[in-house]
Amino acid sequence: MQQRTIGHRSVSAVGLGGMPMSIEGRPDEDRAIATVHAALDAGVTFIDTADAYHRDAGEVGHNEELIARALRTYGGDTDGVLVATKGGHLRPGDGRWTQNGDPAYLKEAAKASAQRLGVDAIGLYQFHRPDPSVPYADSVGALRDLLDEGVIEMAGISNANPDQIREANDVLGGRLVSVQNQFSPRFRSSLPELELCAELGIAFLPWSPLGGITFARAGDLDDAYAPFQEVASAHGVSPFRVALAWELALAPVVVPIPGASRPASIQDSAQAADLVLTPDEVARLSAATA
Ligand SMILES: NC(=O)c1ccc[n+]([C@@H]2O[C@H](COP(=O)([O-])OP(=O)(O)OC[C@H]3O[C@@H](n4cnc5c(N)ncnc54)[C@H](OP(=O)(O)O)[C@@H]3O)[C@@H](O)[C@H]2O)c1
């Protein structure tokens, strides 16, 4: 598969998002493990998870443990796989997502994630979402300390605006390697952040790159975006693959992380890395609105 770069690591141009395998509507364990193994078989070497990807209170880290188990039970070589996790977002178990950007909390959360992932140092640790009650520089300062202490190998942020991207990179002494924001045919408000990352040479990881679990499963790309469907028909591929190929075409720093809870979904998505769109097609898709 085509490779891209996150910090000093080379990874598959299309990653795997772990969230659908651990939150509401998740599959049974066997199907989830088969989905991760299908991703690895397809050449995916970048997997995104978070300590908050779980359903009920009391099962924090469900997805981290699942990913770790899937890697342990895979028959092939997993040395080159980069697992990225996140901290600072919590799920109390009543459906809400809350924030905690307290530096002391983040440092403990990262150590707990490393333990669940079964690693000495986390490959990429991302501050999940800014906490309005904590100065951003303080939260990101925790990532700087974690880098300096060797608890994490690389640092990223998520749900950040351009000012926060610049601030985080300053706090980290130029060591910010990735920004994970929502970006898809439906949700394009992070285009300025994507462009800033391209300018700074920082990886941009579109989350919910297919519009999110609900929209994607409902066939949103078939129904609401005629140009995506038309380009898909012209190439004989799915509109999901076209959406990911379009995102990849926007900048060489883009590494989408489509979620999946079925092997077939990630098998299809992974092939987006090999789908070459013409400049005219990219322009048409960029102009497409629902
Ligand atoms: N940083 C953040 O705040 C944040 C927030 C949300 C998500 N994320 C990350 O981003 C990842 C992706 O986002 P997401 O999972 O919310 O949404 P998404 O990637 O836009 O959509 C995921 C859904 O699309 C379906 N799908 C994927 N590829 C497909 C294909 N080729 N053909 C048909 N269906 C396909 C899957 O269905 P099946 O389930 O049936 O396989 C899956 O449930 C998450 O897993 C998570 O790692 C981060």
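Fair warning: this is a prediction, and the values are worked out from it, not measured in the lab. (Residues numbered from 1 in each chain as written. Predicted model: local features only at pLDDT ≥ 70, side-chain atom pairs only at ≥ 80, totals over all residues. Heavy atoms only, no water.)

### Quick look at the sheet that holds strand β3 (residues 16-17)
Now for step 1: Read from one edge of the open sheet, seven strands run β3-β4-β5-β8-β9-β10-β11, paired in parallel fashion. Only two strands of the sheet have a single neighbouring strand rather than two, namely β3 and β11 (203-207).
Now for step 2: Across the sheet, helix α5 (residues 162-171) lies against β9 (155-158) and β10 (176-182), angled at about 155° from β10, the strand it touches most.
Now for step 3: Its contacts with the sheet place helix α6 (residues 191-200) against β10 and β11, and it is angled at close to 155° to β11. (Pairing = 2+ DSSP bridges. Helix = DSSP H or I, 4+ residues; strand = E, 2+ residues; numbered from the N terminus. Contact = heavy atoms within 4.5 Å. Axes fitted to C-alpha atoms, helices over the stretch in contact; angles between N-to-C directions.)

### Points about the nonpolar core
Now for step 1: Judged by nonpolar contacts, the single largest core of 77 residues is most densely connected at Leu16, Ile152, Ile157 and Phe228.
Now for step 2: The next biggest cluster of nonpolar side chains, apart from the first, holds twelve residues, and it includes Leu82, Leu124, Val177 and Leu205. (Core = buried A, V, L, I, M, F, W, Y, C linked by side-chain atoms within 4.5 Å. Buried < 20%, exposed > 50% of the residue type's maximum accessible area, 1.4 Å probe, protein only.)

### As for the pattern of salt bridges
Opposite charge on two side chains lets them pair, provided their charged atoms get close.
Now for step 1: What the rule picks out here adds up to 13 salt bridges.
Now for step 2: Where Arg116 meets Glu64, a salt bridge forms, and the shortest distance between an N and an O atom there is 2.6 Å. Remark: Glu64 occurs in helix α2 (residues 62-73) and Arg116 occurs in helix α3 (residues 103-117); sequence separation between them is 52 residues.
Now for step 3: When its relative accessible area of 0% is taken as the criterion, Glu64 is described as buried. (Salt bridge = Lys/Arg side-chain N within 4 Å of Asp/Glu carboxyl O.)

### Some words on the pairing of strand β2 (residues 9-12)
Residues in a regular strand point their side chains to alternate faces of the sheet.
Now for step 1: Both strand β1 (residues 3-6) and β2 contribute to a ladder of four bridges, which runs antiparallel. Opposite Ile6, over in β2, you have Arg9 as the bridge partner.
Now for step 2: Hairpin connection from β1 to β2: two residues lie between these consecutive antiparallel strands, with Gly7 at a positive phi of about 55°.

### Remarks on helix α9 (residues 226-235)
In an α-helix, one turn spans 3.6 residues; hence positions three or four apart end up facing the same way.
Now for step 1: Those residues of α9 lying buried are Pro227, Phe228, Val231 and Ala232. Buried residues along α9 cover an arc of 135° about the axis, so they all sit on one side. Pointing more than 90 degrees away from the buried face of α9 are the exposed residues Ser233 and Ala234.
Now for step 2: The positive-phi residue at the C-terminal boundary of α9 is Gly236, with phi of around 70°. (Arc of directions from axis to C-beta.)

### Some words on the site of the ligand
Now for step 1: Close to the ligand lie 30 residues, the nearest being Asp48, Gly259, Ser261, Arg262 and Ser265.
Now for step 2: Here an oxygen atom of the ligand sits 3.5 Å away from a polar atom, N or O, in the main chain of Gly18.
Now for step 3: A distance of 3.1 Å separates a nitrogen atom of the ligand from a polar atom in the side chain of Gln180.
Now for step 4: A total of 900 Å² of accessible area belongs to the ligand in isolation, and the protein chains cover 94% of it.
Now for step 5: Sorting the residues of the shell around the ligand by element identifies α7 (213-217) and α11 (263-270) as the ones contributing at least two each.
Now for step 6: Here the residues of the shell around the ligand are counted per class, giving twelve nonpolar, 13 polar and five charged. (Near = heavy atom within 4 Å. Polar contact = N/O pair within 3.5 Å; in protein donor to acceptor, adjacent residues only side chain to side chain. Areas by Shrake-Rupley, 256 points an atom, 1.4 Å probe, with all protein chains shown as cover. Nonpolar A, V, L, I, M, F, W, Y, C, P; charged D, E, K, R; others polar.)

### Observations regarding α6
Now for step 1: Taken residue by residue, α6 has Glu193, Leu194, Leu196 and Cys197 as its buried positions. Angular distribution of buried residues about the axis of α6 spans 165°; they occupy a single face of the element.
Now for step 2: Contacts from the buried residues of α6 go to α5, β10, β11 and α10 (239-250).
Now for step 3: Phi for Gly201, located one or two positions after α6, is positive at around 75°.

### Remarks on the UniProt feature "domain: NADP-dependent oxidoreductase" (unreviewed entry) in the protein
Now for step 1: Under the feature "domain: NADP-dependent oxidoreductase" (unreviewed entry), the UniProt entry names residues 14-288.
Now for step 2: For residues 14-288, helix accounts for 44% and strand for 13%, while the C-alpha atoms at its two ends are 22 Å apart. (UniProt positions renumbered as here; feature names shortened; annotations may be inferred.)

### Points about the packing of aromatic side chains
Now for step 1: Tallied over the entire structure, the rule returns seven aromatic pairs.
Now for step 2: Here Phe183 and Trp246 contribute two aromatic rings whose centre-to-centre distance is 5.6 Å and whose plane-to-plane angle is 20°, an arrangement assigned as stacked. Residue Phe183 is found in the loop between β10 and α6, and its partner Trp246 is found in helix α10; the two are separated by 63 residues along the sequence.
Now for step 3: On the basis of relative accessibility, which here comes to 1%, the residue Phe183 falls in the buried class. (Phe/Tyr/Trp six-rings, centres within 6.5 Å; stacked < 30°, edge-to-face > 60°.)

### Points about the environment of His37
Now for step 1: Inspection of the secondary structure puts His37 in helix α1 (residues 29-41).
Now for step 2: Apart from the residues lying within four places of it in its own chain, the contact partners of His37 are Ala70, Thr73 and Tyr74.

### A few points about the packing of α9 against α10
Now for step 1: Where α9 contacts α10, the axes come no closer than 8 Å and their chain directions differ by 105°. In terms of axis orientation, α9 runs roughly perpendicular to α10. In this structure, α9 uses Phe228, Gln229, Val231 and Ala232 to contact α10, whose residues at the interface are Pro239, Val242, Ala243 and Trp246.
Now for step 2: Its residues assigned to classes, the contact of α9 with α10 shows seven nonpolar, one polar and no charged. (Parallel < 35°, antiparallel > 145°, perpendicular 65-115°, else oblique.)

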